[in-house]
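In case you want the letters, here they are:
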Amino acid sequence: MTWNEHTEQKCKRQVPFLDLKQINAPYMDELREAAADVVESGWYIRGNFCEQFENAFAAYCGVKFGVGVGNGLDALTLMLKAEIELGRLRAGDEILVPANTYIATVLAVSAAGLVPVLVEPDEKSFNIDPNRLASACTERTRGILVVHLYGRLASMAAICDFAKSRGLLVFEDCAQAHGARCAFGGNADAVAGSFGAAAAYSFYPTKNLGALGDAGMVVTNDAELARVVRALANYGSERKYVNLYRGVNSRLDEMQAALLLKKLPHLDAWNARRREIAARYLNEIRNPLIGLPEAPANPLEHVWHVFTVRLQSENARDALQKYLEGRGVGTLVFYPIPPHLQKAYGTELGNPGDFPIAENLAKTVISIPVNQVLTDEQVTQVVEVLNEFSC
């Protein structure tokens, strides 16, 4: 075998965690057309393409309104700030959030002038544990910000019932759950983002529905909230040079909106392929050292933004990551430091040991490739490599 043949064979064995170029490649003609249409339009901020995508994505989520913003963090922050402007929340109110979420969820609560209160996750679903909400509530608790972690819907029926009993607002962080759905409140096909007062989406390039840059959206059935979010994101203005609020500049630009419009019709098919791959992993990985995630009874509740497995210890997790990298399989450890242990918050959210489940998950989870461009052969390779692991 020549050096070039050996190198080519080795490259074929690589299974990257995520290859955005490959994901976008089949749609290059559509994306080029969209980009050209934007350039030729001469209108680049809050124009026709943004309006079309806002309407299309809101309809996809089964809600009345969508407001495009600059990114997912801004979407989270602005929906909370809008509730304050509307008098439904006040600065200093407490918002319950998962203890094992990405820092953006917590940052948004803080940026809005609210107080994040962490709640441990359920170890099977990785989502916020509804059974722990009551003990986290105080007289200052006014809302719950749910995160559909890794693409799986949280237990929304239980969470919303609890919130209703306490008079709390429910918000959703849907950054990883584009297209996840379940039966809820008489709707047989309720989509992530339609369960509470409002929801925030990120269209960061790595998401199930990803832009080619930063992009985000607030979705809601509340006309007043949508109006205030739109104004806050435009310097606090509904009419040029007339500022109603102390706003920011966070607008979904025409280019990203046009690109997302082209991608949206493919989302359900992409999610279906992710489910196929996840099903193979769940059925074919049979290594007792590797703890598999729990699949929901309704497969549609999970869009498998990532497929996360769990090891018995941090050393075993690190050994698995090193082993997989050596065998050509890409991995990623999501959130190795939980929010309450981040230097940015000092001891404000808690101290070491306060959230043992979140802390243990941070040390023991690792994610393996799952996306719509993985081939059956690549999935087989991942399965075989994982089944051969020992430490």
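Because the structure is a prediction, the values reported are computed rather than measured.

Rules behind the numbers
Residues numbered from 1 in each chain as written. Predicted model: local features only at pLDDT ≥ 70, side-chain atom pairs only at ≥ 80, totals over all residues. Heavy atoms only, no water. Phe/Tyr/Trp six-rings, centres within 6.5 Å; stacked < 30°, edge-to-face > 60°. Buried < 20%, exposed > 50% of the residue type's maximum accessible area, 1.4 Å probe, protein only. Axes fitted to C-alpha atoms, helices over the stretch in contact; angles between N-to-C directions. Helix = DSSP H or I, 4+ residues; strand = E, 2+ residues; numbered from the N terminus. Left-handed = near helix turned anticlockwise from the far one by under 90°. Contact = heavy atoms within 4.5 Å. Nonpolar A, V, L, I, M, F, W, Y, C, P; charged D, E, K, R; others polar. pLDDT = per-residue confidence, 0-100. Disulfide = S-S within 2.5 Å. Pairing = 2+ DSSP bridges. Core = buried A, V, L, I, M, F, W, Y, C linked by side-chain atoms within 4.5 Å. Salt bridge = Lys/Arg side-chain N within 4 Å of Asp/Glu carboxyl O.

Caption draft 1: Highlighting the packing of aromatic side chains. Applying the stated criterion to the full structure yields 15 aromatic pairs. Each ring, one from Tyr-201 and one from Phe-203, has its centre 6.3 Å from the other, and the planes form 5 degrees; the classification is stacked. Assessed through its relative accessible area of 1%, Tyr-201 is described here as buried. What makes Phe-203 buried here is its relative accessible area of 0%. Connected via pairs of aromatic rings, a cluster forms that spans Phe-53, Phe-57, Tyr-60, Tyr-201 and Phe-203.

Caption draft 2: Summary view of the packing of helix α5 (residues 72–85) against helix α6 (residues 103–111). Taken N-terminus to C-terminus, the directions of α5 and α6 make an angle of 35 degrees; their axes are 8 Å apart at the nearest point. The element α5 and its partner α6 pack so that their crossing is right-handed. Across from Leu-73, Leu-76, Thr-77, Leu-80 and Lys-81 in α5, the residues of α6 making contact are Ala-104, Thr-105, Leu-107, Ala-108, Val-109 and Ala-111. When the residues that make up the contact of α5 with α6 are grouped by side-chain class, the tally is eight nonpolar, two polar and one charged.

Caption draft 3: Seen up close, the confidence of the model for the protein. Summary statistics for the protein give a mean pLDDT of 96 and a share of 97% for residues scoring 70 or more. pLDDT under 50 marks residues 1–12. Its contacts with residues more than four places away, or in other chains, come to two contacts.

Caption draft 4: Looking closely at the state of the cysteines. Following the criterion strictly, the structure yields zero disulfides and no others. Note on Cys-61: no disulfide assigned, nearest cysteine sulfur contributed by Cys-174 at a separation of 7.1 Å. A relative accessible area of 1% places Cys-61 in the buried class.

Caption draft 5: Expanded view of the pairing of strand β6 (residues 181–184). With three bridges joining them, β6 and strand β7 (residues 187–191) adopt antiparallel strand pairing. The partner of Phe-184 across the bridge, within β7, is Asn-187. Connecting β6 to the antiparallel partner β7 that follows it, the hairpin turn spans two residues, and Gly-185 within it adopts a positive phi of roughly 55 degrees.

Caption draft 6: Examining the nonpolar core more closely. Counting residues in hydrophobic clusters, the biggest one holds 55 residues, and the most contacted among them are Phe-53, Phe-57, Ile-144, Phe-203 and Leu-209. The greatest single-element share of this core, amounting to seven residues, is contributed by helix α4 (residues 48–61). Those residues in contact with Phe-57 that sit more than four places away from it in its chain are His-178, Tyr-201, Phe-203, Leu-209, Met-217, Val-219 and Leu-264. One finds Ala-108, Val-228, Tyr-345 and Ala-358 within the second-largest nonpolar core, a separate group that totals 36 residues.

Caption draft 7: Representation of the pattern of salt bridges. With the rule as written, the count across this model stands at 18 salt bridges. A salt bridge links Arg-230 to Glu-54; the nearest nitrogen and oxygen atoms lie 3.2 Å apart. Of this pair, Arg-230 sits in helix α9 (residues 223–232) while Glu-54 sits in helix α4, and the two are 176 residues apart along the sequence. On the basis of relative accessibility, which here comes to 6%, the residue Glu-54 falls in the buried class.

Caption draft 8: The sheet that holds strand β5 (residues 169–173), seen in detail. With mixed pairing, seven strands are arranged side by side in an open sheet as β1-β9-β8-β5-β4-β2-β3. At either margin of the open sheet sits one strand with a lone partner, and together these are β1 (65–69) and β3 (115–119). Adjacent strand axes in the sheet meet at a mean angle of 25 degrees when their direction is disregarded. Relative to strand β9 (residues 216–220), strand β8 (residues 198–202) is paired through four bridges, and the arrangement is antiparallel. In the strand pairing of β9, Ser-202 is matched with Gly-216. Across the sheet, α5 touches β1, β4 (141–147), β5, β8 and β9, and the angle it forms with β8 is around 160 degrees.

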